[in-house]
Amino acid sequence: MSECVFCKIVEGSLPAEKVYEDGDVLAFRDLHAQAPIHLLVIPKKHISSVREIGEEEGPLLGRIFSVVNQLADELGLADKGFRIVNNCGEDGGQTVYHIHFHLLGGRALGWPPG
Ligand code: 5GP
Ligand code: ZN
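You'll find the protein entered in an unreviewed UniProt entry as Histidine triad nucleotide-binding protein, with Kroppenstedtia sanguinis given as the organism.

Below, the structure written as structure tokens:
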């Protein structure tokens, strides 16, 4: 069994509130929501971080951002806007080393981040 917490969610051995799933992509609610809507959109395949992304992952990233747009439409975020966040590495604030894109919305979000 995988040691990666998000692989466990993909495998179903760790529960999560899933909002979208297909063969390649999974989206679920963040355990510690920072906004009224805070989802994590991940590839099912284990990729540690953006540092492992190259041109060959283009189609997978396209799938992920299509899912982001579908969810933004379904959850009513598209009109007012939303934020996609990827944290990479220690200084970037990454805590789970299975690449994920935070989808945050439902309130006005401040800038710059802390
Ligand atoms: P990072 O800091 O790596 O960008 O984001 C990791 C995110 O994963 C955090 O926002 C954290 O709340 C969330 N998270 C960590 N463990 C779990 C978990 O077991 N289930 C869910 N749903 N979210 C988690
Ligand atoms: Zn993983």
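That shown, we press on.
K.L.:
Just to check I follow, could you spell out the UniProt feature "domain: HIT" (unreviewed entry) in the protein for this structure?
P.N.:
When the UniProt feature table is mapped to this numbering, "domain: HIT" (unreviewed entry) covers residues 5-114. Between the C-alpha atoms that bound residues 5-114 the distance is 25 Å, and the span itself is 25% helix and 22% strand.

K.L.:
What is the right way to look at the side chain of Ser49 in this model?
P.N.:
In this fold, Ser49 is placed in the loop between β3 (37-43) and α2 (58-74). A residue is classified by how much of its surface remains accessible, and Ser49, at 8% relative accessible area, is buried. One polar contact links the side chain of Ser49 to the main-chain amide nitrogen of Arg51, over a distance of 3.0 Å. Once residues lying within four places of it in the same chain are set aside, the contact partners of Ser49 are Cys88, Gln94 and Ile99.

K.L.:
Sorry, what's going on with the sheet that holds strand β4 (residues 83-85) here?
P.N.:
Sheets are built from strands paired through backbone hydrogen bonds, the pairs being either parallel or antiparallel. In spatial order, the strands read β1-β2-β3-β5-β4; together these five strands make up an open sheet with antiparallel pairing. Looking at which strands have only one partner, the edges of the open sheet turn out to be β1 (18-21) and β4. When strand polarity is set aside, the average angle formed by the axes of neighbouring strands in this sheet is 20°. With three bridges joining them, β4 and strand β5 (residues 101-105) adopt antiparallel strand pairing. Across the sheet, the residue bridging to Val85 is His102, located in β5. Together, β1, β2 (25-29), β3, β4 and β5 form the strand contacts of α2, whose direction differs from that of β3 by roughly 155°.

K.L.:
In this structure, what is going on with the packing of aromatic side chains? I would like to understand it.
P.N.:
For any pair of aromatic rings, the description rests on two quantities: the centre-to-centre distance and the angle between the ring planes. In the structure shown here, the tally under the stated rule is two aromatic pairs. An angle of 80° between the planes, with centres 5.3 Å apart, marks the rings of Phe6 and Phe28 as edge-to-face. Pair noted here: Phe6 is in helix α1 (residues 5-11) and Phe28 is in strand β2, with a separation of 22 residues, a long-range link. According to the relative accessible area criterion, Phe28 is buried, its value standing at 2%.

K.L.:
Help me understand the coordination of the zinc ion (ligand 2), please; the structure alone is not making it clear to me.
P.N.:
Ideal geometry at a metal centre: 109.5 degrees between donors when four sit tetrahedrally, and 90 or 180 degrees when six sit octahedrally. Looking at the zinc ion (ligand 2), one finds its protein donor set to be Cys4 (SG), Cys7 (SG), His46 (ND1) and His98 (ND1), positioned 2.1 to 2.3 Å from the metal centre. Relative to the metal, the four donor atoms surrounding the zinc ion (ligand 2) lie at angles of 106 to 118°, and the coordination shape comes out tetrahedral. Site description for the zinc ion (ligand 2): donor spacing in sequence, C-x2-C-x38-H-x51-H. Here Cys7, found in helix α1, pairs with His98, found in the loop between α3 (89-92) and β5; they are 91 residues apart in sequence, far enough to count as distant.

K.L.:
Can you walk me through the site of ligand 1 in this structure?
P.N.:
What surrounds ligand 1 is a group of 17 residues, the closest being Arg29, Asp30, Asn87, Thr95 and His102. Here Leu31 contributes a backbone N or O atom positioned 3.3 Å from a nitrogen atom of ligand 1. Here an oxygen atom of ligand 1 and a backbone polar atom of Thr95 are 2.7 Å apart. Contact with the protein chains removes 85% of the 520 Å² of surface that ligand 1 exposes when unbound. At the level of elements, α1 and β2 are the ones that each hand at least two residues to the shell around ligand 1.

Analysis parameters
For every chain, the first residue of the written sequence is number 1, and numbering continues from 1 onward in sequence order. Just so you know, chain letters begin at A and ligand numbers begin at 1, following the order they were written in. It should be noted that, the model being predicted, local features are given only for residues of pLDDT at least 70 and side-chain atom pairs only at 80 or more, the latter also being counted only at that level, while totals for whole chains, interfaces and linings use all residues. Hydrogens and water are ignored here; the side-chain numbers use all heavy atoms of the structure. UniProt positions are given in the numbering used here, feature names are shortened, and annotations may be inferred rather than shown by experiment. In DSSP terms, a helix is any run of H or I states spanning at least four residues, a strand is any run of E spanning at least two, and both are numbered starting from the N terminus. For the exposure calls, accessible area comes from a 1.4 Å probe over protein chains only, and a residue counts as buried if that area is under 20% of its type's maximum, exposed if over 50%, partly exposed in between. Throughout this description, a polar contact denotes any pair of N or O atoms lying within 3.5 Å of each other; where both atoms belong to protein, one of them has to be capable of donating a hydrogen while the other can accept it, and for residues adjacent in sequence the pair is counted only when both atoms sit in side chains. Note on definitions: a residue-residue contact is assigned when non-hydrogen atoms from the two residues lie within 4.5 Å. Should DSSP find at least two bridges between two strands, the strands are taken to pair. Each axis is a line fitted through C-alpha atoms, and for a helix only the stretch in contact is used; angles between axes span 0 to 180 degrees, taken between their N-to-C directions. The rule is short: rings of Phe, Tyr and Trp, with Trp giving its six-membered ring, pair when the centres are within 6.5 Å, and they are stacked under 30 degrees, edge-to-face over 60, tilted in between. Atoms of type N, O and S within 2.8 Å of a metal are treated as its donors, and for Na, K and Ca the window is 3.2 Å; water is not considered, so some sites may appear to be missing partners. In these descriptions, tetrahedral denotes four donors with every angle between 85 and 135 degrees, square planar four donors and octahedral six donors with opposite donors over 155 degrees apart and the rest between 65 and 115, and irregular any other case. Nearness is judged by heavy atoms alone; a residue qualifies as near a molecule or strand once a single heavy atom is within 4 Å of it. All accessible areas in this document rest on Shrake-Rupley with a 1.4 Å probe, and a residue is counted as covered only by the protein chains that are shown.

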